[in-house]
Amino acid sequence: MKAVIIGGGSIGQRHAGNLKGLGVNTRIVDIDEIETIDSILNNGFDFGLVCSPNLYHIEHCTKLAEYNIPTFCEKPFYSDVDGVASLLKTVEEKKLITMVAANLRFADEVKSIDSTASYINVHFGYDLKKWRPDSDHLLSYSANKALGGGILLDAIHELDYLYFKFGKIQDIFYNKSKLTNITNDTEDLVVGRIYFESGTIADFSLNYLSEDYQRYYDILEDGVLKRKNINISNQMYIDEMTYFIDCVVSNTQGMNSFNEANTLLTTII
């Protein structure tokens, strides 16, 4: 199989390495090559990955859809709604297989969550300077609103796995704050609560401020809150990509399609 990856940053490189291990030949298209994307896509690919900065996701997904290429898009699906409706219409008309990144759905600690739990408290936090250690964090998309940054979208994996486990959202409330200069103009803290139609209540806290990496949830079990740390491993990404490839090969739409991801995003933002 052949895959094209738009965006050669850290996540694009991770996927390229994992795909190589799965026997897939990849062609990475860096952002500075994007003007030649048409000539590259003319070579034909079995599927594509969009791993570019958030603000380009819809543009690059739309380009792959023009060439009838099943597409995996990194999170978040988008940071701006411009072009979303047109892309979804094209994908539906062409019956393209799509998926938005949801690697935490493949984490053992998430898979084991009891979907009938009445309460869960989710937390993610990490110092943005440590998150982007090889570059100026203030130049990253995370720190800049115009690039689609902010901790709400950066840590949307937490809200995604809540949606995955507990279903439709009835109401969501949250406050976004910029408490420090760790970003230029994006929020560095979000605190909120979700009421699910199933009856589950979820609190969540997301930040760019924690000195050490923190990713866990406290879940109400047997009348007490029990903490589960979520362990991040490359195997999650391999399992995620294997799942998507299986969907492409079988021509079967799987979970977290563009439509599903859009449902969550429109509820949140």
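Residues numbered from 1 in each chain as written. Predicted model: local features only at pLDDT ≥ 70, side-chain atom pairs only at ≥ 80, totals over all residues. Heavy atoms only, no water.

Colleague: Please clarify how the overall build of the protein chain should be interpreted in this entry.
Modeller: Within the protein chain, the secondary structure is distributed over 10 helices and 11 strands. In terms of overall dimensions, the protein chain is globule-like: its C-alpha atoms have a radius of gyration of 18 Å, near the 18 Å expected for 269 residues. In terms of overall dimensions, the protein chain has a C-alpha envelope of 55 × 40 × 35 Å along the principal axes. Evaluated residue by residue, the protein chain yields a buried proportion of 52% over its 269 residues. Here the analysis covers contacts within the protein chain between residues at least 6 apart in sequence; of these, 68% occur between residues at least 24 apart. (Helix = DSSP H or I, 4+ residues; strand = E, 2+ residues; numbered from the N terminus. Rg over C-alpha atoms; globule rule 2.2 N^0.38 Å. Buried < 20%, exposed > 50% of the residue type's maximum accessible area, 1.4 Å probe, protein only. Contact = heavy atoms within 4.5 Å.)

Colleague: Explanation requested: the state of the cysteines in the structure shown.
Modeller: By definition, a disulfide links the sulfur atoms of two cysteine residues through a covalent bond. Enumeration over the complete set of coordinates arrives at zero disulfides. Summary of cysteine pairing: Cys61 is not part of a disulfide, and the nearest cysteine sulfur, belonging to Cys73, is at 3.7 Å. You can see Cys247 has no disulfide; the closest cysteine sulfur is in Cys73, sitting 16 Å from it. (Disulfide = S-S within 2.5 Å.)

Colleague: What exactly am I supposed to notice about the packing of helix 4 (residues 84–94) against helix 10 (residues 258–268) here?
Modeller: Geometry of a packed helix pair, given as the angle between the helix axes and the separation of the axes. The geometry of helix 4 relative to helix 10 is characterised by a closest axis approach of 10 Å and an angle of 155° between their N-to-C directions. The orientation of helix 4 with respect to helix 10, classified from their angle, is roughly antiparallel. Crossing handedness for the pair helix 4 and helix 10: left-handed. Mapping the contact onto sequence places Val84, Leu87, Leu88 and Val91 in helix 4 and Phe258, Asn259 and Asn262 in helix 10. Its residues assigned to classes, the contact of helix 4 with helix 10 shows five nonpolar, two polar and no charged. (Axes fitted to C-alpha atoms, helices over the stretch in contact; angles between N-to-C directions. Parallel < 35°, antiparallel > 145°, perpendicular 65-115°, else oblique. Left-handed = near helix turned anticlockwise from the far one by under 90°. Nonpolar A, V, L, I, M, F, W, Y, C, P; charged D, E, K, R; others polar.)

Colleague: Help me out: how do you make sense of the environment of Ile113 in this one?
Modeller: Considering the arrangement of structural elements, one finds Ile113 in the loop between helix 5 (108–111) and strand 6 (119–125). Its relative accessible area of 5% is what places Ile113 among the buried residues. For the pair formed by Ile113 and Val248, sequence separation is 135 residues and the distance between their alpha carbons is 28 Å. Those residues within four positions of Ile113 in sequence are excluded, and the remaining contacts are Ile120, Tyr161, Lys165, Phe166, Tyr217 and Ile219.

Colleague: Just checking my understanding: could you explain the sheet that holds strand 5 (residues 98–100) for this structure?
Modeller: Across a sheet, strands are paired by hydrogen bonds formed along the backbone, either parallel or antiparallel in direction. Taken together, five strands build an open sheet; the order of strands is 2-1-3-4-5 and the sheet is parallel. Of all strands in the sheet, those bounded by a partner on one side alone are strand 2 (25–29) and strand 5. Direction aside, neighbouring strands of the sheet carry axes that sit 15° apart on average. In this structure, strand 4 (residues 71–73) lies alongside strand 5, joined through three bridges in parallel fashion. Paired with Thr71 across the strands is Thr98, a residue of strand 5. Sheet strands touched by helix 1 (residues 10–21): strand 1 (2–6), strand 2, strand 3 (47–50) and strand 4. Its angle to strand 1, the strand with the most contacts, is close to 170°. Helix 3 (residues 57–66) contacts strand 1, strand 3 and strand 4 of the sheet and is inclined by roughly 170° relative to strand 3. (Pairing = 2+ DSSP bridges.)

Colleague: Even after reading the chapter, I still don't get the environment of Tyr217, so can you show me in this structure?
Modeller: Along the chain, Tyr217 falls in strand 10 (residues 214–221). Among the residues examined, Tyr217 registers a relative accessible area of 1% and is labelled buried. Taking the C-alpha atoms as reference points, Tyr217 and Glu187, 30 residues apart in sequence, are found 22 Å from one another. Discounting chain neighbours no more than four positions away, the residues touching Tyr217 are Glu109, Ser112, Ile113, Ile120, Asn121, Val122, Tyr161, Lys226, Arg227, Lys228 and Ile230. There is a polar contact of 2.5 Å between the side chain of Tyr217 and the backbone oxygen of Glu109. (Polar contact = N/O pair within 3.5 Å; in protein donor to acceptor, adjacent residues only side chain to side chain.)

Colleague: Looking at this model, I keep getting lost on empty space enclosed by the protein. Mind explaining?
Modeller: A probe matching the size of a water molecule, rolled over the atoms, marks out where space remains unfilled. Under the criterion given, the structure shown has one cavity of 30 Å³ or more. Empty space within the largest cavity amounts to approximately 80 Å³. Lining the largest cavity, in full, are Lys75, Pro76, Phe77, Val100, Ala101, Ile156, His157, Asp160, Asn256, Ala261, Leu264 and Leu265. Looking at the lining of the largest cavity, the elements that each hand over two or more residues are helix 8 (156–166) and helix 10. (1 Å grid on protein atoms, 1.4 Å probe; cavity = no way out; pocket = protein on both sides within 12 Å on 5 of 7 lines; lining within 4 Å. Points joined across faces, edges and corners; volume = space filled by probe spheres on them.)

Colleague: When you look at the environment of Leu189 in this model, what are you seeing that I'm missing?
Modeller: Along the polypeptide, Leu189 turns up in strand 8 (residues 189–196). Setting aside residues no more than four positions away along its own chain, Leu189 makes contact with Ile151, Asn175, Lys176, Ser177, Leu179, Ser205, Leu206 and Asn207.

Colleague: Help me understand the layout of surface pockets in this model?
Modeller: Considering only enclosed or pocket space, the largest pocket measures out at about 1000 Å³ in volume. If you tally residues by element for the lining of the largest pocket, the top one is helix 1, at three residues. Partitioned by chemical class, the residues of the lining of the largest pocket number 15 nonpolar, 11 polar and eight charged. Within this model, the second largest pocket holds a volume of roughly 220 Å³. Along the wall of the second largest pocket there are 15 residues; nearest its centre are Lys145, Gly149, Leu153, Lys176 and Glu187. Looking at side-chain class alone, the lining of the second largest pocket contains six nonpolar, four polar and five charged residues.

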